[in-house]
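Residues per chain, in single letters:
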Amino acid sequence: MYKEKLLKKLWKFKNKVANLPLYNKFLYIIITSIVFILIVFFFSTNLLTQEYDKMLYETNAALLKNVSTSIESSLKEIETISYSILTDNYVQDNLIDLNNAQNNNRIAITRRNLYQTLNTYTFYNKYVKSMVLYFPDKQYINLGNNEYIKSFNIDEIEALADEASGKVVWSAQKESGKFVACTRRIRQIKYLTLTDLASLYIIIDIDAVIEDALRSAGYTSDNSNFVLIANEKRIYPELSYQDDIALDLVKEKLYPSNSYNIISIDGKEQFIIKGNISPFNWNYVYFRDYESVFNQVLKTKYITLGTTLLFSMCILFLVRIFLKNILWHIDFLIQKIQTFGETGDISQDIYRYKDRTDEIGQLHHSFDMMTKNVKMLRDENHEKQILLKDTRIKMLQQQINPHFLYNTLDTVNWLAQKYGANDISTITHSLASLFRYSVSSQEDLIPLCKELSILDSYINIQKIRFKDRMNFYLETPMDISDIYVPKLCIQPLVENALKYSLEYNDEYCNIHVTVKEEENDYIIKVSNTGSQFEDNLLDKLRNNEIISQGSGIGLNNISKRLELLYGSNYGLKLYNIDEMATVLLQIPKKL
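Keep in mind that this is a model prediction, so the values were computed, not measured. Residue positions are given per chain, counting from 1 as you read along its sequence in written order. Restriction of local features to residues with pLDDT of at least 70 applies here, the model being predicted, together with a cutoff of 80 or more for giving and counting side-chain atom pairs; totals for whole chains, interfaces and linings are based on all residues. Side-chain measures here rest on the full set of heavy atoms in the structure, leaving out hydrogens and waters.

**Some details on the overall build of the protein chain**
The helix and strand tally for the protein chain stands at 16 helices and 17 strands. Accessible area is worked out with a 1.4 Å probe on protein chains only. A residue is then buried under 20% of its type maximum, exposed over 50%, and partly exposed in between. The burial tally for the protein chain puts 38% of its 591 residues in the buried class. Any two residues having at least one pair of non-hydrogen atoms within 4.5 Å are treated as being in contact. By sequence separation, contacts in the protein chain at least 24 residues apart represent 61% of the contacts at least 6 residues apart. Of the roughly 36300 Å² of accessible surface on the protein chain, 54% is carried by carbon and sulfur atoms. Runs of H or I in DSSP of at least four residues are treated as helices and runs of E of at least two as strands, each being numbered from the N terminus. Each accessible area value is a Shrake-Rupley result obtained with a 1.4 Å probe; residue values ignore everything except the protein chains displayed when judging cover.

**Looking at the packing of aromatic side chains**
By convention, a stacked pair of Phe, Tyr or Trp rings (six-membered ring in the case of Trp) has centres within 6.5 Å and planes under 30 degrees apart, an edge-to-face pair has planes over 60 apart, and any other such pair is tilted. Applying the stated rule across the entire model yields 11 aromatic pairs. A ring pair is formed by Y121 and Y124, whose centres lie 5.1 Å apart and whose planes are at 65°; its orientation type is edge-to-face. By relative accessible area, which is 7% here, Y121 ends up buried. Look at F226 and Y284: their rings are 5.4 Å apart centre to centre, the planes differ by 20°, and that puts the pair in the stacked class. On the criterion of sequence distance, the pair formed by F226 in strand β6 (residues 224–230) and Y284 in strand β10 (residues 282–289) is long-range, its members being 58 residues apart. With a relative accessible area of 5%, F226 lands in the buried category.

**A closer look at the nonpolar core**
By nonpolar core is meant a set of buried Ala, Val, Leu, Ile, Met, Phe, Trp, Tyr and Cys residues that side-chain atoms within 4.5 Å join together. Grouped together as the largest cluster of nonpolar side chains are 51 residues, with contacts concentrated most on I85, I202, I204, F226 and W282. Setting aside residues up to four positions removed in sequence, I85 forms contacts with V91, L118, Y121, M131, I186, L200 and I202. Core analysis: the second largest hydrophobic core is formed by 39 residues, L452, Y458, I459 and F533 among them.

**Observations regarding the pairing of strand β2 (residues 140–144)**
Strand residues, when the strand is regular, have side chains that alternate between the two faces of the sheet. Of the strand pairs in this sheet, strand β1 (residues 128–134) and β2 are connected by five bridges, and their pairing is antiparallel. Note on β2: the bridge partner recorded for S130 is G144. When DSSP locates at least two bridges between a pair of strands, those strands are taken to pair.

**Quick notes on the sheet that holds strand β16 (residues 573–577)**
The sheet built from five strands is open, its strands ordered β12-β14-β15-β17-β16 with mixed pairing. At either end of the open sheet lies a strand with only one pairing partner, and these are β12 (470–475) and β16. Between one strand axis and the next, the sheet turns through 15° on average, direction left out of account. By the bridge criterion, eight bridges tie strand β15 (residues 521–528) to strand β17 (residues 580–588) in an arrangement that is antiparallel. Across the sheet, I523 pairs through a bridge with Q586, a residue of β17. On top of the sheet, helix α13 (residues 448–466) reaches β12 and β14 (509–517); it is set at about 165° to β12, its chief contact. Packing of helix α14 (residues 491–502) onto the sheet brings it into contact with β12, β14, β15 and β17, and relative to β14 it is tilted by some 155°. Lines fitted to C-alpha atoms define the axes here, with helix axes fitted over just the stretch in contact, and angles between the N-to-C directions of these axes take values from 0 to 180 degrees.

**A closer look at the sheet that holds strand β3 (residues 169–172)**
Strand-to-strand pairing in sheets goes through backbone hydrogen bonds, with the strands running parallel or antiparallel. Pairing is antiparallel in the open sheet, where five strands are placed in the order β2-β1-β5-β4-β3. At either margin of the open sheet sits one strand with a lone partner, and together these are β2 and β3. On average, each strand axis in the sheet is tilted by 20° relative to the strand beside it, whichever way the strands run. Bridge count for strand β4 (residues 179–187) against strand β5 (residues 196–205) is nine bridges, and the pairing is antiparallel. From the neighbouring strand, F179 faces β5, where its bridge partner is D205. Sitting on the sheet, helix α4 (residues 104–121) is in contact with β1, β2 and β5, with an inclination near 35° to β2.

**A closer look at the side chain of T122**
Here T122 lies in the loop between α4 and β1. For T122, a relative accessible area of 18% gives the class buried. A 3.5 Å cut-off defines polar contacts: any pair of N or O atoms within that distance qualifies, except that in protein one atom must be a possible hydrogen donor and the other a possible acceptor, and neighbouring residues in sequence count only when both atoms are side-chain atoms. There is a polar contact of 2.6 Å between the side chain of T122 and the backbone oxygen of N119. Once residues within four sequence positions are removed from consideration, T122 is found in contact with V128, M131 and L143.

**Description of a nonpolar patch on the surface**
A patch consists of residues whose relative accessible area exceeds 30% and which take part in no salt bridge; residues with like charges are grouped when within 9 Å of each other, and nonpolar side chains (Val, Leu, Ile, Met, Phe, Trp, Tyr) when within 5 Å. Salt bridges are defined as contacts in which a side-chain nitrogen from Lys or Arg sits within 4 Å of a carboxyl oxygen from Asp or Glu. Side chains of I31, V35, F36, I39, V40, F43 and F311 sit close together on the surface and give an oily, nonpolar patch of about 600 Å² of accessible area. The element best represented in the nonpolar patch is helix α2 (residues 22–87), accounting for six residues. Relative to the elements of secondary structure, F36 occurs in helix α2. In this structure F36 comes out as partly exposed when scored by relative accessible area, which is 42%.

**Side note on the pattern of salt bridges**
Enumeration according to the criterion identifies 13 salt bridges in this entry. For the salt bridge of R185 with E158, the shortest nitrogen-to-oxygen distance reads 2.6 Å. Within this pair, whereas R185 is found in strand β4, its partner E158 is found in helix α6 (residues 154–164), the two being separated by 27 residues in sequence. An identical accessibility class is assigned to R185 and E158; each is buried. Between D205 and K178 there is a salt bridge, with its nearest N and O atoms 3.8 Å apart. With a gap of 27 residues between them, D205 in strand β5 and K178 in the loop between β3 and β4 connect regions that are remote in the sequence. Judged by its relative accessible area of 31%, K178 is partly exposed. Shared partners join several salt bridges into a network, and the residues in it are E158, D162, R185, R187 and D196.

In short, geometric facts, not functional conclusions.
Below, the structure is given as structure tokens:
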């Protein structure tokens, strides 16, 4: 009994799922798969990444603290040496003598004594490369390579030494190099006059200081880089390494307030730590290859990723099975459509789609109904085609060959010329040209010169009809060879002007046709005296407020043709100006 209830519930559930909208089926399956994948991946990788980054930071932060302490200790030792020189009585006495010396011999002896004294201090520290006593008159005593002192901006350092008032000033070279200078003013201690005697420059090899500190902390250049920055200028290393990133980190333009970051540089993940050597107001940025540290953690990470990938593949495999089961009905519908398209027959369903209410059932049911209707329409259309064919044959039998009419008009023209009836000849020739152009030409756009030649034939007929009551004026640019207009767009406008200005009264009529060139368009204007346009005439014609007759139909048709060809901005424009009815049409230069 329980088993039967369970089977019924399963059957109801299966039917419920089967009748769900197709969109919902796909949506539920995909969302479920993505949620499972994201949950597993998020918890596994997030935990691993956090522990990995934390361990990496703590280990390197402790080592870098040792490095900065070592650098600070080495620089403090240099400052101690500078203080020893500053307070050395022998140095003080010789500097006082040098400032008071009156003859060159005494000056030379004093400079030699200072040189020998400084020489003893150079052995106190292995990083000292040069010592310089710089005097106010810009003369100096140099112990070491003379080029070292030239690589520094002496004027700038002297200004800083003035502000320091005897304290130590650390300075880098003009261009990034391997040396820094420890500078302080030597003042007269005797009698506490504190008179400036000279400036002491101790030039040290900062590269050696930093490399020894890094080496003692266990760092190598194989997988790490240490950048030391002072006053927004790189001190170490001598060659540039990611200067822009290092400066942005120091200025906190990039990841402000973060102790460590992981940044992709040249396609490789770099673990970056920033810090400072506070007594000297120097900053350092440490770059280390992210993937070469803690191989075991990386191995664990790959195992986690592999597990996640395997789990995802299993989910996708299940999704594929479900989708295949659902899309089978779509494939069967495609098969039915192909069969109907090739043979015109309706294949029998192997599944009762009438009982299904979802999109698949509706598609199959609608297709079956459609095929039945198509078959009925096909049979009815076949009968209509037979009737249409018979009708066309009868119409062809009743058609008059246009060439017969052309030949007849040519015969009338020849006879008129023979008997000297020039007016009849002109009318006949012009009418033949108009008829031949209207019937034979199939082009939508024609050259303006061709359109004007047809207009000329029409004007010739009307001049004979109205004689002196009509004056026609044509104004065009010198070159109209590149202007193309819609076929029969000007002649109906002139015909409309003649109809309303001459046929209904006995007054004279002047008709002006003007073609002008603007920046983007050609403007064609047809104006006439003797008539006026009604306000909003085109709108009234379109809205059937006025019954279209004759020229009204022509104006409306020309306006619609222009809009279809060029867009809604290129319809006809009707207005009255200077007691003349005027029609304006625009033709774009670029089609």
